[in-house]
Amino acid sequence: MSETMKQQRQTGFLMAKIRQVSGRIFERMLRDYSIEINSAQGRIMFALWQEDGVSINELAKKMQLKKSTLTSMLDRLERMGYIKRQHCQKDRRKILILRTSKDKDLEKEYVNLSQEHTKIFFHGFSEDQMDRFEEDLKRILKNLTEFESNVC
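Residues numbered from 1 in each chain as written. Predicted model: local features only at pLDDT ≥ 70, side-chain atom pairs only at ≥ 80, totals over all residues. Heavy atoms only, no water.

1. Here's the deal with the packing of helix 3 (residues 39–50) against helix 6 (residues 101–121)
The description of two packed helices rests on the angle between their axes and on the distance between the axes. Quick reminder of the rule: What counts as an axis is a line fitted to C-alpha atoms, over the stretch in contact for a helix, and the angles between N-to-C directions run from 0 to 180 degrees. A run of H or I in DSSP becomes a helix once it reaches four residues, and a run of E becomes a strand once it reaches two; helices and strands are each numbered from the N terminus. Note on angle classes: values under 35 degrees are labelled roughly parallel, values over 145 roughly antiparallel, values of 65 to 115 roughly perpendicular, and the remainder oblique. Contacts between residues were defined by any pair of non-hydrogen atoms, one from each residue, lying within 4.5 Å.
Between helix 3 and helix 6, whose axes approach to 11 Å, the crossing angle comes to 110°. The pairing of helix 3 with helix 6 is recorded here as roughly perpendicular in orientation. For the pair helix 3 and helix 6, the contacting residues are S39, G42, R43, M45 and W49 in the first and D103, L106, E107, Y110 and V111 in the second.

Here is the structure:
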């Protein structure tokens, strides 16, 4: 590879294209599985599957979303019956986001779909290549997050 080509990295462009194509595939898979939530709502649910009963502020930080954006998405998920809000008993000012039984039924289907999607991502990769790639992505995310927090 020439020196000029090395200087013209396409990382951002490639990441954006991967996100676009992957998003289209994932949305189609959601329809094929008859899952009524979209991928953005699925990411919120995934975070709640890791830790149920978190505050809106904690969830916003975990999701790296503005609280106002997250609140409107939570409104839709609550109307659909996947979450409920409850005041924290220790601090009544804090509102916790809790899973519902409807959500618990969704989790298994969504996890299966996500695993199928991941197989598409990593077709032809070895376990070591997958591990290395995910570690590199974590480093990139850390770099971007640190930069954003220092600039903003």
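2. Quick word on the sheet that holds strand 1 (residues 54–55)
Worth spelling out the cut-off: Strand pairing is defined by DSSP finding a minimum of two bridges between the two strands.
With antiparallel pairing, three strands are arranged side by side in an open sheet as 1-3-2. Of all the strands in the sheet, just strand 1 and strand 2 (83–87) have a single pairing partner and so form its edges. Here two bridges tie strand 1 to strand 3 (residues 95–99), and the two strands are oriented antiparallel to one another. Bridging from a neighbouring strand, S55 pairs with L96 of strand 3.

3. A word on the packing of aromatic side chains
Put simply, the test is: Two aromatic rings, drawn from Phe, Tyr or Trp (for Trp, its six-membered ring), form a pair once their centres lie within 6.5 Å of each other, and the interplanar angle then sorts them: stacked below 30 degrees, edge-to-face above 60, tilted otherwise. Only protein chains enter the accessibility calculation, which uses a 1.4 Å probe. A residue is then buried if its area is under 20% of the maximum for its type, exposed if over 50%, and partly exposed in between.
Applying the stated criterion across every chain, the model contains six aromatic pairs. Taking the centre distance of 5.5 Å and the plane angle of 65° together, the rings of W49 and Y110 count as edge-to-face. One end of the pair, W49, is in helix 3; the other, Y110, is in helix 6, with 61 residues separating them in the sequence. Y110 carries the same exposure label as W49, and that label is buried. Plain terms: the ring middles of F122 and F133 are 6.0 Å apart, the flat faces sit at 80° to each other, and that makes the pair edge-to-face. With F122 in the loop between helix 6 and helix 7 (127–151) and F133 in helix 7, this pair connects stretches of sequence that are 11 residues apart.

4. Notes on the layout of surface pockets
The line we're drawing: Points on a 1 Å grid, built from protein atoms alone, make a cavity when a 1.4 Å probe fits but cannot get out and make a pocket when they are open with protein on both sides within 12 Å along at least 5 of 7 lines; residues with an atom within 4 Å of a point are the lining residues. Grid points are joined across faces, edges and corners, and a volume is the space filled by probe spheres set on the points. Each residue is assigned to one class: nonpolar for Ala, Val, Leu, Ile, Met, Phe, Trp, Tyr, Cys and Pro, charged for Asp, Glu, Lys and Arg, and polar for all the others, Gly among them.
Roughly 2100 Å³ of internal volume is contained in the largest pocket. R19, S22, R43, F121 and L137 are the residues nearest the centre of the largest pocket, which is lined by 41 residues in total. Within the residue set of the lining of the largest pocket, elements represented by two or more residues are helix 2 (11–32), helix 3, helix 4 (56–63), helix 6 and helix 7. Residues belonging to the lining of the largest pocket are distributed by class as follows: 22 nonpolar, 12 polar and seven charged.

5. Here's the deal with the packing of helix 2 against helix 6
Rules: Note on convention: near helix rotated counterclockwise from far helix by under a right angle means a left-handed crossing. Clockwise means right-handed.
Close contact between helix 2 and helix 6 brings their axes to 11 Å; oriented N to C, the two are set at 140°. With respect to helix 6, the axis of helix 2 lies oblique. Every pair of crossing elements has a handedness; the one defined by helix 2 and helix 6 is right-handed. Here helix 2 contributes I18, S22, I25, F26, M29 and L30 to the contact with helix 6, which in turn contributes Y110, L113, S114, E116, H117, I120 and F121. Among the residues making up the contact of helix 2 with helix 6, the classes are represented as nine nonpolar, three polar and one charged.

6. Comments concerning the pattern of salt bridges
Here is the rule: Any Lys or Arg side-chain nitrogen found within 4 Å of a carboxyl oxygen on Asp or Glu counts as a salt bridge.
Tallied over the entire structure, the rule returns nine salt bridges. Between E107 and R99 there is a salt bridge, with its nearest N and O atoms 2.6 Å apart. When its relative accessible area of 24% is taken as the criterion, E107 is described as partly exposed. Where K138 meets E135, a salt bridge forms, and the shortest distance between an N and an O atom there is 3.5 Å. Of the two residues, K138 and E135 both sit in helix 7, three residues apart, roughly one turn of that helix. Look at E135 and you get partly exposed, because its relative accessible area is 44%. Via salt bridges that share partners, D75, E78 and R85 belong to a single interconnected network.

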